[in-house]
Amino acid sequence: MPTPEVACGGTKTTLSHPLFMVVGLELATVHSLVDRVDGIDLTVADREVLTAGIGDVRRLIGWARSVEIGLVQALAGLSSFPEKDFADATRTGLADGTKALERAETTT
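Because the structure is a prediction, the values reported are computed rather than measured. (Residues numbered from 1 in each chain as written. Predicted model: local features only at pLDDT ≥ 70, side-chain atom pairs only at ≥ 80, totals over all residues. Heavy atoms only, no water.)

**A closer look at the overall build of the chain**
Rule in force here: Runs of H or I in DSSP of at least four residues are treated as helices and runs of E of at least two as strands, each being numbered from the N terminus. In this scheme, a residue with accessible area under 20% of its type's maximum is buried, one over 50% is exposed, and one in between is partly exposed, where area comes from a 1.4 Å probe on protein chains only.
A tally of regular secondary structure across the chain gives four helices and four strands. Secondary structure elements of the chain occur, N-terminal to C-terminal, as β-β-β-β-α-α-α-α. Counting across all 108 residues of the chain, residues that qualify as buried make up 28%.

Next comes the structure, spelled out in structure tokens:
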């Protein structure tokens, strides 16, 4: 199986996670997915449109998670306490920062 790649900060980084493979998307594809989801009128959409929208949202979430992992990996190389930096940036707790760093370390 080919290794998926994700673009982050102008470089390509290979990422994987024990539970899933992170597939990189071209920025134009991300824009297209956002436009499609944003264009769904929930008051008149049928089942097919809604399920397609849910699939698009899941692809966007996967893309965003893969970008976040790349950012955390880069931060870990520059910071003496990346868990706190992550927690501060996301306005969450240190436990979330620790989980994010563990996830990033798992994908290298």
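**Here's the deal with helix α2 (residues 47-78)**
Heads up, the condition is: Here the expected length of a helix is defined as 1.5 Å per residue gap, with one fewer gap than residues.
Between its first and last C-alpha, α2 extends 47 Å over 32 residues, near the 46 Å set by a 1.5 Å rise per residue. Of all the positions in α2, only G53, G55, D56, L60, S66, V67, I69, G70, V72 and Q73 are classed as buried.

**Considerations on the pattern of salt bridges**
Using the following cut-off: Salt bridge, as used here, is a side-chain nitrogen of Lys or Arg placed within 4 Å of a carboxyl oxygen of Asp or Glu.
Counting across every chain of the model gives four salt bridges. As a salt-bridge pair, R103 and E68 come within 3.8 Å of each other at their nearest N and O atoms. You can see R103 sitting in helix α4 (residues 94-106) and its partner E68 sitting in helix α2, a full 35 residues away along the chain. By relative accessible area, which is 32% here, R103 ends up partly exposed. In this structure, D88 and K84 form a salt bridge, with 2.8 Å as the shortest nitrogen-oxygen distance. Here D88 pairs with K84, and both are found in helix α3 (residues 82-90), just four residues apart, close to one helical turn. For D88, a relative accessible area of 47% corresponds to the partly exposed category. Residue K84 is classed as partly exposed on the basis of its relative accessible area of 38%.

**Considering the environment of T29**
Along the chain, the position of T29 falls in helix α1 (residues 27-38). Note: C-alpha distance between T29 and L60 (31 residues apart in sequence) is 9.5 Å.

**Comments concerning the nonpolar core**
Definition in use: Here, nonpolar core refers to any group of buried Ala, Val, Leu, Ile, Met, Phe, Trp, Tyr and Cys residues whose side-chain atoms link them within 4.5 Å. What makes two residues a contact is simply this: any of their non-hydrogen atoms within 4.5 Å.
By size, the foremost hydrophobic cluster in this structure holds six residues: I69, V72, F86, A100, L101 and A104. Looking at this core element by element, the count peaks at three residues for α4. Setting aside residues no more than four positions away along its own chain, V72 makes contact with F86, A100, L101 and A104.

**Observations regarding the packing of α3 against α4**
Heads up, the rule is: In this analysis, axes come from line fits to C-alpha atoms, helices being fitted only over the stretch in contact, and the angle between any two N-to-C directions falls in the range 0 to 180 degrees. Angle categories are assigned with fixed cut-offs, so that under 35 degrees is roughly parallel, over 145 is roughly antiparallel, 65 to 115 is roughly perpendicular, and the rest are oblique. Left-handed describes a crossing in which the near helix is turned anticlockwise from the far one by less than a right angle; the clockwise case is right-handed. Any residue that is not Ala, Val, Leu, Ile, Met, Phe, Trp, Tyr, Cys, Pro, Asp, Glu, Lys or Arg is counted as polar, Gly included; the first ten are nonpolar and the last four charged.
Packing of α3 against α4 leaves a shortest axis separation of 7 Å and a crossing angle of 120 degrees. Between α3 and α4, the angle is such that the two are oblique. The two elements α3 and α4 meet at a crossing, and its hand is right-handed. Contacts between α3 and α4 involve P82, E83, K84, F86 and A87 from the former and L94, D96, G97, T98, A100 and L101 from the latter. Looking at side-chain class alone, the contact of α3 with α4 contains six nonpolar, two polar and three charged residues.

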